[in-house]
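# Notes for the structure review
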Amino acid sequence: MSGWTRETSPFHAGEQAVQERYGIRDRMEKQGRRIIRDFLPEQHRTFYPQLPFLLVGSVDQVGRPWASIVAGQPGFISSPDPQTLSIQAQPIAGDPLQQNLNIGADVGLLGIELPTRRRNRMNGVIQQITPAGFVVEVKQTFGNCPQYIQTRDVQFIPEQANPAALTAVDALDSDLQAFVESADTFFIATRYADSTSNLAHGVDVSHRGGKPGFIRVDDAKTLTFPDFAGNLAFNTIGNLILDPRVGLLFPNFQTRDLLTLTGKADVIWDGDDLQSFAGAERLIQIKLEAGFLLKSALPFQADFQEYSPFLQKTGSWPKTV
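Described in the following lines is the structure provided in the data block. Computed from a prediction, not measured in an experiment: that's the story for all the values here. (Residues numbered from 1 in each chain as written. Predicted model: local features only at pLDDT ≥ 70, side-chain atom pairs only at ≥ 80, totals over all residues. Heavy atoms only, no water.)

## Quick notes on the overall build of the chain
Threshold: Think of it this way: any DSSP run of H or I at least four residues long counts as a helix, any run of E at least two long counts as a strand, and we number them from the N terminus. What the globule rule says is 2.2 Å times the number of residues to the power 0.38, and the radius of gyration is computed from C-alpha atoms. Buried, partly exposed and exposed residues are distinguished by accessible area as a fraction of the type maximum, computed with a 1.4 Å probe on protein chains only: under 20%, between the cut-offs, and over 50%, respectively. Two residues qualify as a contact provided that any one of their heavy atoms is within 4.5 Å of a heavy atom in the partner residue. Only the protein chains shown count as cover for residues, with accessible areas throughout obtained via the Shrake-Rupley method and a probe of 1.4 Å.
Helix and strand counts for the chain stand at seven helices and 17 strands. Relative to the compact-globule value of 20 Å for 321 residues, the chain shows a C-alpha radius of gyration of 18 Å, a close match. With the C-alpha coordinates of the chain rotated into their principal frame, the extents come out at 50 × 50 × 40 Å. Here the chain, with 321 residues, has 55% of them falling under the buried criterion. Considering only contacts in the chain between residues 6 or more positions apart, those separated by 24 or more positions represent 72%. Surface accessibility of the chain: about 13400 Å² in total, with carbon and sulfur atoms responsible for 49%.

In structure tokens:
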């Protein structure tokens, strides 16, 4: 069953405001009530155990969102019932997720299968911390289209004797700027906090993809990237207009390095700068506040196979122009 009634909505006030801005509010309300659930349907319960990694959005003690990744051999995620997802994996050493995993904390989850480009988003509440990992109670879940996902072949690396090297970051030096500018994939964590029992309350973590160069480094503390046509739910944008705090995770699937950042976002709705990004419908500009570089942190490599069919069909788009 679904938790939506005539008085409640699967979308919170921020998401609704952006949908109103683009004249699609009624259409998205009907669609949301149909596809957004407060339980995991069977196809999603069988999807998660196939995955070798999971994205996790969390919030630290001062309210800053962070995007993180946990990984394990397929089967490390299970769903004992439609309201529960069990993750048998620990955060990477030094990742803020280590401190943010607490019973009752909101988390956002993104399951993404790179070889098939399937993905499922979920948000929920940490129900239990176990010696092996953590258990999440489902609040919202829905599938996402495969647009902008690059296909990759995931291969686990034999366990390393030394832990990942951790470096605190408060600005992007030339090496980190190159790291960001070469990315074709990153993940963004946002949150919507409501003191009521609104089922749209929680943390979200989402995928962003394009060809290398689709993220612009404006200076050592500022990034700008385009927001392209998507599912029109406006989960990320809706969160940001109510709470500008944001977390970004940039993985390098070859070197296995991770760059995790937190800061504040500004949504740019129009103006000449949109013309700098072919196909952009909006821009998101991030002012960085803190972060960490985790060297050789991923326990797997993910070899690039091909761009999504949409990116192949559109040639160089969405590189900056």
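Past the structure itself, the notes keep going.
## Topic: the nonpolar core
Among soluble globular proteins, nonpolar side chains are generally buried collectively. Quick reminder of the rule: Here the nonpolar core consists of buried residues drawn from Ala, Val, Leu, Ile, Met, Phe, Trp, Tyr and Cys, with membership extended through side-chain atoms lying within 4.5 Å.
Membership of the largest hydrophobic core comes to 41 residues, with the highest contact counts inside it found for Leu172, Leu223, Phe250, Leu259 and Ile286. Among the secondary structure elements, those contributing two or more residues to this core are helix H5 (174-181), strand E10 (185-192), strand E13 (222-227), helix H6 (235-242), strand E14 (245-251), strand E15 (258-268) and strand E16 (282-295). With near-sequence residues (within four places) excluded, Leu223 lies in contact with Leu172, Val180, Arg216, Val217, Asp218, Leu248, Phe250, Leu261, Ile284, Gln285, Ile286 and Leu288. In terms of nonpolar packing, the next biggest core, distinct from the first, is built from 22 residues, Leu40, Leu85, Ile87 and Leu109 among them.

## So, the pairing of strand E3 (residues 77-81)
Look at any regular strand and the pattern is simple: side chains alternate between the two faces of the sheet. We apply this condition: For two strands to pair, DSSP has to find at least two bridges joining them.
The pairing of E3 with strand E4 (residues 84-87) spans three bridges and is classified as antiparallel. Looking at E4, one finds that Ile77 is bridged to Ile87. Counting the residues in the hairpin turn of E3 and E4 gives two residues.

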